[in-house]
Amino acid sequence: MKLRIFTEPQEGATYDDLLAVAQATERLGFDAFFRSDHYLRIGAGDPGPGSTDAWLMLAGLARETSRIRLGTLVTPATFRLPGPLAISVAQVDQMSGGRVELGLGTGWFDREHAAYGIPFPPTQERFGRFEEQLEIIDGLWTSDGPYSFEGAYYRLADSPALPKPVQRPRPPIIIGGVGAKRTPRLAAKYADEYNVPFHTVEETGAAYDRVRRAAEETGRTLVLSAAQTVCVGRDQAELERRAAAIGTDLAELRRKGLAGTPAEVLDKLGRFGELGADRVYLQLMDLADADHLELIAAEVLPHV
């Protein structure tokens, strides 16, 4: 199982904050550094310096790291037109030497759209736009000649389909969520990886089963992953301090996240592994707690 570090910069983090965590992620041996793609803090609290643009930030990290994979969980289809998004991600893939992965979703947080003047269509339209974006981005990255597309929401005419990413046939695409119908179908058709974010082991297993059944119909095999809030401590006092620092109840973290001593966390990771999870994204909420990352690297990472 590969462990990936996952951050939430909309809660208040500068580029330098994220750079420090990304470089520690690489130095300590984790597989990847991922971030959310949001423009507004979720929930109450001090927004600090605010968020940063996901793909602009990842472009910078592409030049300041050399090994780790880089990507988003997940970029909303509402934020960017599919053509420019394909160009941006392909360029970051070039800048990183082929280390980029694109998590793509429908978009859900209406308040951030209102705050920055981004249109927020109804649910049905968001799913329609999402599916067209998946097809367009795949087409732009993989086509050999001019690429055209005619859909309900987007039209591309004789695009040169450039630039191309380094990774061939294209960078991996990640689709997440636990929807029972549309999500399994879209993941089975377009995704290379299916991610279940912030659900129990039992809920994750049920979601994996739905996607496996859908993938059987398309003849494809997907990488399975999970995202979990992480809170590791050597003892109860350290655990309580870390849970308090991120404003989360420790008992709830133990139930729905990866919280506990290194042994407890390893046990739960093993349960995700038994379901077929190849990767787990560790949602690291306190970016200033460097010792937390060091502890996970020393006591958890070598044993998965």
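Computed from a predicted structure; not experimentally measured.

### With respect to helix α3 (residues 82–96)
No. 1: Along its 15 residues, α3 runs 21 Å from first to last C-alpha, staying within 8% of the 21 Å computed at 1.5 Å per residue.
No. 2: Every buried residue of α3 is accounted for by P82, G83, L85, A86, V89, A90, V92, D93 and S96.
No. 3: On the buried face of α3, the contacting elements are α2 (54–64), β3 (69–72), β4 (75–76), β5 (100–105) and α5 (123–142).
No. 4: In the segment just after α3, G97 is the residue with positive phi, at about 75°.

### Overview of the pattern of salt bridges
No. 1: Taken as a whole and assessed by the stated rule, the structure comprises 25 salt bridges.
No. 2: Between E150 and R155 there is a salt bridge; the shortest N-O distance is 3.0 Å. Pair check on accessibility: E150 and R155 agree, each one exposed.
No. 3: Between D291 and R242 there is a salt bridge, with the nearest N and O atoms lying 3.1 Å from each other. Of this pair, D291 sits in helix α11 (residues 290–299) while R242 sits in helix α8 (residues 236–245), and the two are 49 residues apart along the sequence.
No. 4: You can call D291 partly exposed: its relative accessible area is 33%.

### Considering the side chain of T65
No. 1: Looking at the element boundaries, T65 is found in the loop between α2 and β3.
No. 2: Setting aside its immediate chain neighbours within four residues, T65 contacts A22, E26, L70 and R99.

### Some remarks on the pairing of strand β7 (residues 155–159)
No. 1: Bridge analysis of strand β6 (residues 147–150) against β7 gives three bridges, and the strand direction is antiparallel. Looking across to β7, one finds that F149 is bridged to L156.
No. 2: Connecting β6 to the next strand, β7, in antiparallel fashion are four residues.

### What about helix α1 (residues 15–28)?
No. 1: For α1, spanning 14 residues, the distance from its first C-alpha to its last is 20 Å, which sits close to the expected 20 Å at 1.5 Å a residue.
No. 2: The complete set of buried residues in α1 reads L18, L19, V21, A22, A24, T25, E26 and L28.
No. 3: With its phi angle positive at about 100°, G29 sits one or two positions after the end of α1.

### A closer look at the packing of α3 against α5
No. 1: At a minimum axis distance of 9 Å, the contact between α3 and α5 shows a crossing angle of 50°. When the axes of α3 and α5 are compared, the pair comes out oblique. For the pair α3 and α5, the sense of crossing is right-handed. Residues P82, G83, L85, A86, V89 and A90 of α3 form the contact with α5, whose participating residues are Q133, I136, I137, L140 and W141.
No. 2: Split by residue class, the contact of α3 with α5 holds nine nonpolar, two polar and no charged.

The rules we used
- Residues numbered from 1 in each chain as written.
- Predicted model: local features only at pLDDT ≥ 70, side-chain atom pairs only at ≥ 80, totals over all residues.
- Heavy atoms only, no water.
- Helix = DSSP H or I, 4+ residues; strand = E, 2+ residues; numbered from the N terminus.
- Expected span 1.5 Å × (residues − 1).
- Buried < 20%, exposed > 50% of the residue type's maximum accessible area, 1.4 Å probe, protein only.
- Contact = heavy atoms within 4.5 Å.
- Salt bridge = Lys/Arg side-chain N within 4 Å of Asp/Glu carboxyl O.
- Pairing = 2+ DSSP bridges.
- Axes fitted to C-alpha atoms, helices over the stretch in contact; angles between N-to-C directions.
- Parallel < 35°, antiparallel > 145°, perpendicular 65-115°, else oblique.
- Left-handed = near helix turned anticlockwise from the far one by under 90°.
- Nonpolar A, V, L, I, M, F, W, Y, C, P; charged D, E, K, R; others polar.

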